[in-house]
Amino acid sequence: MWKRDESVKPAAPPAPTPAAAPSAPAGAAPVVSEPRGQLGRDMVNIGKSVVIKGELSGSEDLTIEGQVDGRIDLKGNVLTIGPNGKIKAEIFAKAVVVLGEVTGNVNASEKVDIRDNGSVDGDIASPRVAIAEGAHFRGSVDMQRAGAAKAQQPQAQKPNQPQQGQPPQQPQHNQPQVQQQGQRVGA
Amino acid sequence: MLGVRKTGETGSVAETSVTNVAEAAYATKALQKLLNNLQGNPNPLLLDLGPVVGSNVTFFGEQLGCRIRVEDIAADIDRHVKNNTLDKLPEFFSKRFTEPAGTVDGILCWDLLDFLDRPAAQSLATALSALLKPDGCLLGFFSTAETHHAVYTKYVVVDQSTLKYRTYPAARPRQRNLLNGDIIKLFKDLRVTDSFLMKSKVREMLFRKPARR
């Protein structure tokens, strides 16, 4: 009944799987596992002095403070681009949180969250996208998967009937009545 | 300046923006019409010509399941003002958009045409008309107030019938108030389907591109 948003607040930290660490070039990345308070689970952290060129893949949540050029494949996991992170790559992940700079397309199966001062130059494909005030974004957003189910609902409603305008957590039935403003002057 | 202000449950919808112009919420009628027109399309492509407003991206994405492309025309205008190349704007707009003609389902034009000289406004309107698919819709706002403040307005969608107006500095003021006839001439390839004169002194107009015969 209650479904927690795994991409933001995971329910329980998964057991660490050392064998599945991201495949960074040997000796290039001082990878350390440390608990991250924000997400509450073990995460791999790539430090800000690390530069990775090529494909970065894995099955653990990952925070990048360094630079990555190429491709990042973390399907099923959360990728966080830290404030110092500079990414020029196509990204595939379950959820992507951007506090640094990303140049490239971002594909997330759950959510993309561009925080204040975060920057994305590229196209985003994700069912949920949040862009904070002060964030930079240039590109397109494709939220097709989230809308596919909802697209059926409005057709069943009357054309002028108020529809749900907020995310599911914020039903509108408590909102104030809209004043009748404006005069229709053309048809 | 902008008419009757709506208040939410908390009664504190106003905030102070960077230009000390109050942020307030106002009714909109044309937005709901635009949404109704687009909701029948699977995965429509929506072009937003204003600055990026994260909550708008979320709103339209969740309402329409659409692809949204944000092209900040206000930033283009400011850049040309600063470079003193306003005379190049008509040519710039004719090549501005990368989308192929006839591929866009909806356009949020907001009130950007108010900030353009006539040739640039015509060039932008022609380019936008070409981008629209047959049966595609364009939402345009046009101020009817005599204001010469150098401020753009970010239109933040609260829900289908409410917008917050949030101002921020512009490099040039509004150039003139477009009359109904001027607007219709600008979008001569489109048909006006709805037009509302709001108490906020904004004329909201919804255009539709005629379907191919």
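Predicted, not measured: the structure shown is a model, and the values here were computed from it.

(A) A look at the overall build of chain B. When helices and strands are tallied, chain B shows 6 helices and 10 strands. Expressed as a percentage of its 213 residues, the buried residues of chain B come to 49%. The long-range fraction of contacts in chain B, counting pairs at least 24 apart against all pairs at least 6 apart in sequence, stands at 69%.

(B) Summary view of the overall build of chain A. The secondary structure content of chain A amounts to 2 helices and 13 strands. Buried positions account for 36% of the 187 residues belonging to chain A. A separation of at least 24 residues holds for 15% of the contacts in chain A among residues at least 6 apart in sequence.

(C) The arrangement of helix 3 (residues 73-82) of chain B in detail. All names here are of chain B. Those residues of helix 3 not exposed but buried are Ile73, Ala74 and Ile77. The arc enclosing the buried residues of helix 3, seen along the axis, measures out at 105 degrees, which places them on a common side. For helix 3, the secondary structure elements touched by its buried residues are strand 7 (151-159).

(D) Main features of the confidence of the model for chain B. Looking at chain B as a whole, its pLDDT mean stands at 87, while 89% of the residues score no less than 70. Predicted confidence is poor over residues 1-21 of chain B, with pLDDT under 50, and the contacts of this stretch with residues over four places away or in other chains come to 48 contacts.

(E) Representation of helix 5 (residues 118-131) of chain B within the structure. Residues and elements named next belong to chain B. Here helix 5 spans 20 Å end to end across 14 residues, near enough to the 20 Å set by a 1.5 Å rise per residue. For helix 5, the set of buried residues is Ala120, Ala121, Ser123, Leu124, Ala125, Leu128 and Leu131. Its buried side turned inward, helix 5 meets strand 3 (45-48), helix 4 (89-94), strand 5 (104-110), strand 6 (132-143) and helix 6 (180-186).

(F) Examining the environment of Ile68(B) more closely. Position of Ile68(B) among the secondary structure elements: in strand 4 (residues 67-70). Between the C-alpha atoms of Ile68(B) and Leu47(B), which are 21 residues apart in sequence, the distance is 5.8 Å. Ignoring anything within four residues of it in the chain, the contact list for Ile68(B) reads Ser140(A), Val141(A), Leu46(B), Asp48(B), Val57(B), Phe60(B) and Gly61(B).

(G) Examining unusual backbone geometry more closely. All names here are of chain B. The phi dihedral of Asn43 falls on the positive side, at around 50 degrees, and the residue is not glycine. Summarising the element assignment, Asn43 is placed in the loop between helix 1 (30-38) and strand 3. Despite not being glycine, Asn84 has its phi angle at roughly 55 degrees, a positive value.

(H) Here's a closer look at the nonpolar core. Counting 99 residues, the largest nonpolar core has Val96(A), Ile107(B), Cys109(B), Leu113(B) and Leu139(B) as its most contacted members. Counting residues per element, this core draws most heavily on strand 6 (residues 86-98) of chain A, which supplies 9 residues. If near-sequence neighbours (up to four positions away) are discounted, Leu113(B) is found in contact with Ala121(B), Leu124(B), Ala125(B), Gly140(B), Phe142(B), Leu178(B) and Leu186(B).

(I) Up close: the environment of Val151(B). All names here are of chain B. Tracing the sequence through the fold places Val151 in strand 7. Overall, the presence of 16 C-beta atoms within 10 Å leaves Val151 in the partly exposed class. Distance from Val151 to Arg172, taken between C-alpha atoms, is 7.7 Å for residues 21 residues apart in sequence.

(J) Inspection of the confidence of the model for chain A at higher detail. Residues and elements named next belong to chain A. Residue-level pLDDT values for chain A average 70, and 54% of them are 70 or greater. Considering each helix and strand of chain A separately, the mean pLDDT is smallest for helix 2 (residues 152-156), with a value of 41, and largest for strand 7 (residues 101-103), with 97. Contacts for the low-pLDDT stretch residues 1-40, under 50 throughout, to residues beyond four places or in other chains number 58 contacts. Note on residues 146-187: pLDDT under 50 across the span, and 64 contacts to partners over four residues away in sequence or across chains.

(K) Examining the pairing of strand 10 (residues 202-208) of chain B more closely. All names here are of chain B. Of all the 7 residues making up strand 10, 6 are buried; the element is thus mostly covered by neighbouring parts of the structure. Inspection of the sheet shows strand 6 paired to strand 10 by 7 bridges, in the antiparallel sense. Looking at strand 10, one finds that Phe142 is bridged to Arg203. Count of turn residues in the strand 9 (residues 191-197)/strand 10 antiparallel hairpin: 4 residues, of which Lys201 carries a positive phi of about 70 degrees.

What counts as what
- Residues numbered from 1 in each chain as written.
- Chains lettered and ligands numbered in written order.
- Predicted model: local features only at pLDDT ≥ 70, side-chain atom pairs only at ≥ 80, totals over all residues.
- Helix = DSSP H or I, 4+ residues; strand = E, 2+ residues; numbered from the N terminus.
- Buried ≥ 20, exposed ≤ 12 C-beta atoms within 10 Å, placed from the backbone.
- Contact = placed C-beta atoms within 7 Å.
- Arc of directions from axis to C-beta.
- pLDDT = per-residue confidence, 0-100.
- Expected span 1.5 Å × (residues − 1).
- Core = buried A, V, L, I, M, F, W, Y, C linked by C-beta atoms within 7 Å.
- Pairing = 2+ DSSP bridges.

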